[in-house]
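Spelled out, the chains give:
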Amino acid sequence: MNSLFKYFASSNHLLAALVIIGITLVISFVYALLISIKLRSTKSFFISLVLLSVVTSAIIAVMTIFLTGETSNAMRIVTIAVALGLVRFRSTNGRAEEMVLLFASVAIGLLSGLGYVVVSAIVAIFVAIIYILLAHLKIFEGKRFRDDKLLKITIPESLEYSEVFDDTFKRYLSDYELIEVKTTDLGSLFKLSYKINLKNKFGEKELIDELRTKNGNLEISILPYTGDERNI
């Protein structure tokens, strides 16, 4: 099977790249939709799947066009590897879509740095439009977690949390999963986050009262679970 670039004259390789990016958008949209439904994933994850494919396609397509002839295959591979590796740069944890948009900014900067400012502008506008359109779609906005809650429990560092709450959870919850553990107050306290599903939606107070006897009456909260609490 030949590449689509084979079906365009050398003068129309830019058109071929745009066609490829457009086809990638359709393919990645369908793929992300199916995957997100199956995983019950977040809207952020859905957007990220679509944008990541499109941005990667744009980088590789442009490299295929412009890094040929005078540039060796080894140089092309190194350039692409450096471009993809730059997305690892970050100072704080971000949502998946923020990381993909950071990747997009790397791609835009790479294209501009190579001197292809028009192509860079086209990719920037294209990615921005796709992101805005996807962000406004009324899908994957948390209603799939309609019965799930986010339980946050603060415990002293001396408390072994791996099994201490299991008997209570089994009485009041139909399902639970520990999704985050972090320290606070200079390490003297732990904050645990659980995704839970109550057997009885009116049993929150009884659950909290029993948990308070085990965590030393420290802070406990139950919030709606949207899925954004989990990093991907």
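Coordinates for the structure precede this section.
Every residue gets a number counted from 1 within its own chain, in the order that chain's sequence is written. At least 70 in pLDDT is required for a residue's local features to be given in this predicted model, at least 80 for side-chain atom pairs to be given and counted, and no such filter applies to totals for whole chains, interfaces and linings, which use all residues. Hydrogen atoms and water are omitted, and side-chain values are computed over all heavy atoms in the structure.

Right, let's talk about the overall build of the chain for a bit. Counting its regular elements, the chain contains eight helices and four strands. Secondary structure counts use DSSP, requiring at least four H or I residues in a row for a helix and at least two E residues in a row for a strand, with both numbered from the N terminus. Start at the N end of the chain and walk to the C end: the helices and strands fall as α-α-α-α-α-β-α-α-β-β-α-β. Here the term buried applies to any residue with accessible area under 20% of the maximum for its type, exposed to any over 50%, and partly exposed to those in between, with areas from a 1.4 Å probe on protein chains only. The buried share among the 232 residues of the chain stands at 35%. Pairs of residues are marked as contacts when any of their non-hydrogen atoms sit within 4.5 Å. The long-range fraction of contacts in the chain, counting pairs at least 24 apart against all pairs at least 6 apart in sequence, stands at 68%. To be clear on the numbers: accessible area is Shrake-Rupley with a 1.4 Å probe, and residue cover counts the displayed protein chains and nothing else. Surface exposure of the chain reaches about 13800 Å², of which carbon and sulfur atoms provide 61%.

Okay, the environment of I23 next. In this fold, I23 is placed in helix α1 (residues 13–39). Take I23: its relative accessible area is 38%, and that puts it in the partly exposed class. Sequence separation of I23 and S57 is 34 residues, and the distance between their C-alpha atoms is 9.8 Å.

As a further point, take helix α8 (residues 204–212). Considered for burial, the residues of α8 that qualify are L207, E210 and L211. All buried residues of α8 lie within an arc of 100° about the axis, which places them on one face of the element. Packed against the buried residues of α8 are β1 (148–156), α7 (166–172), β2 (173–184), β3 (189–198) and β4 (220–224). Summarising the geometry, the arc corresponds to the directions from the helix axis toward the C-beta atoms.

Relative to the helices and strands, N197 resides in strand β3. Side chain to side chain, N197 and D148 meet in a polar contact 3.2 Å long. Excluding anything up to four places from it in sequence, N197 contacts D147, D148, L173, S174 and D175. Under the rule applied, a polar contact is a pair of N or O atoms within 3.5 Å (in protein, one hydrogen donor and one hydrogen acceptor; residues adjacent in sequence only if both atoms are side-chain atoms).

This part takes up the pattern of salt bridges. What makes a salt bridge here is a side-chain nitrogen of Lys or Arg within 4 Å of a carboxyl oxygen of Asp or Glu, nothing more. Tallied over the full model, the rule gives five salt bridges. Among the salt bridges present, the one from D167 reaches K214, with a minimum N-O distance of 2.5 Å. Here D167, found in helix α7, pairs with K214, found in the loop between α8 and β4; they are 47 residues apart in sequence, far enough to count as distant. Residue D167 is classed as partly exposed on the basis of its relative accessible area, which comes to 39%. Across the salt bridge formed by K195 and E177, the nearest N and O atoms sit 4.0 Å from each other.

Adjacent strands of a sheet pair through backbone hydrogen bonds, lying either parallel or antiparallel. Any two strands with at least two DSSP bridges between them are considered paired. Strand order in the open sheet made by the four strands is β2-β3-β1-β4, with antiparallel pairing throughout. Across the chains shown, the open sheet's two edge strands, defined by having one partner strand only, are β2 and β4. With direction set aside, neighbouring strand axes in the sheet form an average angle of 20°. Note: β1 against β4, five bridges, orientation antiparallel. What sits directly across from K152, in β4, is S221. Every angle, taken between N-to-C directions, lies between 0 and 180 degrees, and every axis is a line fitted to C-alpha atoms, over only the stretch in contact when it is a helix. Lying on the sheet, α8 is in contact with β1, β2, β3 and β4; it crosses β4 at an angle near 145°.

A separate point is the packing of aromatic side chains. Centres within 6.5 Å are what make two rings of Phe, Tyr or Trp a pair, Trp counting through its six-membered ring; a difference in plane orientation under 30 degrees is then read as stacked, over 60 as edge-to-face, and the rest as tilted. This model, assessed by the stated rule, comprises five aromatic pairs. When the centroid spacing of 5.7 Å and the interplanar angle of 75° are considered together, the rings of F29 and F46 count as edge-to-face. With F29 in helix α1 and F46 in helix α2 (residues 43–66), the pair connects residues that are 17 residues apart, well separated along the chain. You can call F29 partly exposed: its relative accessible area is 29%. A ring pair is formed by Y161 and F190, whose centres lie 6.0 Å apart and whose planes are at 45°; its orientation type is tilted. Residue Y161 is found in helix α6 (residues 161–164), and its partner F190 is found in strand β3; the two are separated by 29 residues along the sequence. One aromatic cluster is present, built from ring pairs that chain together F165, F169, Y176 and Y194.

What goes into a patch is any residue over 30% in relative accessible area without a salt bridge, connected to like charges within 9 Å or, for nonpolar side chains (Val, Leu, Ile, Met, Phe, Trp, Tyr), within 5 Å. Taken together, the side chains of L14, L18, V118 and I122 define a hydrophobic patch exposed on the protein surface, amounting to about 330 Å² of accessible area. Relative to the elements of secondary structure, L14 occurs in helix α1. On the basis of relative accessible area, L14 is assigned to the partly exposed category, the value being 36%.

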